Amino acid sequence: MKKTIAVLPGDGIGPEIIAQAVKVLEAVAERYSHEFIYRYADIGAAAIGSTGDPYPEVTHRTCMESDAVLFGAIGDPKYDNDPKARVRPEQGLLKMRRALGLFANIRPVRPYAALLDASPLKNGIVEGSDFIVVRELTGGIYFGEPRGRNESGDKAFDTCVYSMEEIRRVAEVAFGYARRRRGRVTLVDKANVLATSRLWREVVTSMQKEEYPDIVLDCLYVDNAAMKMVSDPKAFDVILTENMFGDILSDVSGVINGSIGLLPSASFGSGISLFEPIHGSFPQGAGRDIANPVATILSAAMMLEDAFGMHKEAEAVRSACDDAVAGGVCTPDIVPGSSYGTRAVGDYIAGKVVGS
Ligand code: IPM
Ligand code: MN
């Protein structure tokens, strides 16, 4: 098969981890006789530097003309410490999610047997957990209007808005996953306080009754869900939640498998899909060959499977990642003091794929 991939390395460690994912994709191309064409484009601080826009039109066009988008990371401390900055790198990611209509973000969590000790949680709590977070990605407080400051500048406001249709379409994705998994959806909200959460409950509860009676639905308040995620993660199968709660809970889920550097994600919508690690740009690690490339490589595996229908190829990549983790071929976030750097881990996984 021949596929065109828009590659957006972004900021911080983005270029280094993306280089490893591309290396592994090249190994897949060689082993299974595919051809991948990579079209690189700027996003985030890199794009602000060259065009003034964190998601320039040319990047959008590159994405739209490709079969899938592979994205690294975004964010630069130069902007974090300047609350008055008018353009921020993160706006590029948000603009891209909106422009590509990526309303559903899938974040799977499953700890590696070899890494049970890497989690600060007790083995017995972590072992056997296997769930996915389905996060709504283009609505809620991230995008609601009005937002900003009042005229005198002494007040700031953000608005959380959801329509029934926005809830419905992402809930369909979550129910669909539950049908292919263990048949359980947990809706996470704050319906005791927020009107938007009450709308989520209304829509999702009636969908379960009318269209998904085979799925068990339960509803949890987000504060309680955060506690349960670290005290009893095995209770979850598919977590369905709004944008901001999903952002927070998916970082919490990084604790379960020992490193956020291992968690991939996929975003789906009406057209093209996007694949990215859930972690950030780790600016302190940039250029030091210490960043964990596995989350990005696993995101590329999700791309092979979900965007291109390449199941055995995706499995080969996942199993090469398993081998790396099981064999201790890991960056220092997982094996403290490890002599394996970002590139060496990428080389090992690519080598395993070619030899598989
Ligand atoms: C994520 C990130 C982004 C988000 C940031 C970088 C805007 O934290 O993908 O989880 O909040 O969605
Ligand atoms: Mn996040």
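Residues numbered from 1 in each chain as written. Chains lettered and ligands numbered in written order. Predicted model: local features only at pLDDT ≥ 70, side-chain atom pairs only at ≥ 80, totals over all residues. Heavy atoms only, no water.

## A few points about the domain arrangement of the chain
Then step 1. Domain boundaries assigned for the chain yield domain 1 (1-101 + 276-356) and domain 2 (103-270).
Then step 2. A combined buried area of about 2100 Å² lies between domain 1 and domain 2, and 65% of that area is made up of carbon and sulfur atoms.
Then step 3. Looking at the side of domain 1 facing domain 2, the largest losses of area belong to Arg-97, Ile-278 and Met-302, adding up to 32% of the total buried there.
Then step 4. Linking domain 1 with domain 2 are zero salt bridges, by the criterion used here.
Then step 5. There are six residue pairs in polar contact (both at pLDDT 80 or more) connecting domain 1 and domain 2.
Then step 6. In terms of residues, the side of domain 1 that touches domain 2 owes the most to one element, helix 11 (residues 294-307), which gives six residues.
Then step 7. Residue composition of the side of domain 1 that touches domain 2, grouped by class: 12 nonpolar, four polar and six charged. (Domains from an automatic or database assignment. Buried area = accessible area lost by both parts, 1.4 Å probe. Salt bridge = Lys/Arg side-chain N within 4 Å of Asp/Glu carboxyl O. Polar contact = N/O pair within 3.5 Å; in protein donor to acceptor, adjacent residues only side chain to side chain. Helix = DSSP H or I, 4+ residues; strand = E, 2+ residues; numbered from the N terminus. Nonpolar A, V, L, I, M, F, W, Y, C, P; charged D, E, K, R; others polar.)

## Describing the site of ligand 1
Then step 1. Taken together, Ile-74, Glu-90, Leu-93, Arg-97, Arg-107, Arg-135, Tyr-142 and Asp-247 make up all the residues around ligand 1.
Then step 2. Arg-97 has a polar side-chain atom sitting 2.7 Å from an oxygen atom of ligand 1.
Then step 3. Here an oxygen atom of ligand 1 and a side-chain polar atom of Arg-135 are 2.8 Å apart.
Then step 4. Its free accessible area being 320 Å², ligand 1 has 79% of it covered by the protein chains.
Then step 5. In terms of residues, the shell around ligand 1 owes the most to one element, helix 5 (residues 89-99), which gives three residues.
Then step 6. For the shell around ligand 1, a count of residues per class yields three nonpolar, no polar and five charged.
Then step 7. Each of two domains, domain 1 (1-101 + 276-356) and domain 2 (103-270), supplies a minimum of three residues to the shell around ligand 1. (Near = heavy atom within 4 Å. Areas by Shrake-Rupley, 256 points an atom, 1.4 Å probe, with all protein chains shown as cover.)

## Quick look at the pairing of strand 2 (residues 35-40)
Then step 1. By the bridge criterion, six bridges tie strand 1 (residues 2-10) to strand 2 in an arrangement that is parallel. Its bridge partner lying in strand 2, Lys-3 is registered against Phe-36.
Then step 2. Handedness of the strand 1-helix 1 (residues 14-32)-strand 2 crossover: right-handed. (Pairing = 2+ DSSP bridges. Right-handed = clockwise from strand over helix to strand, strands pointing away.)

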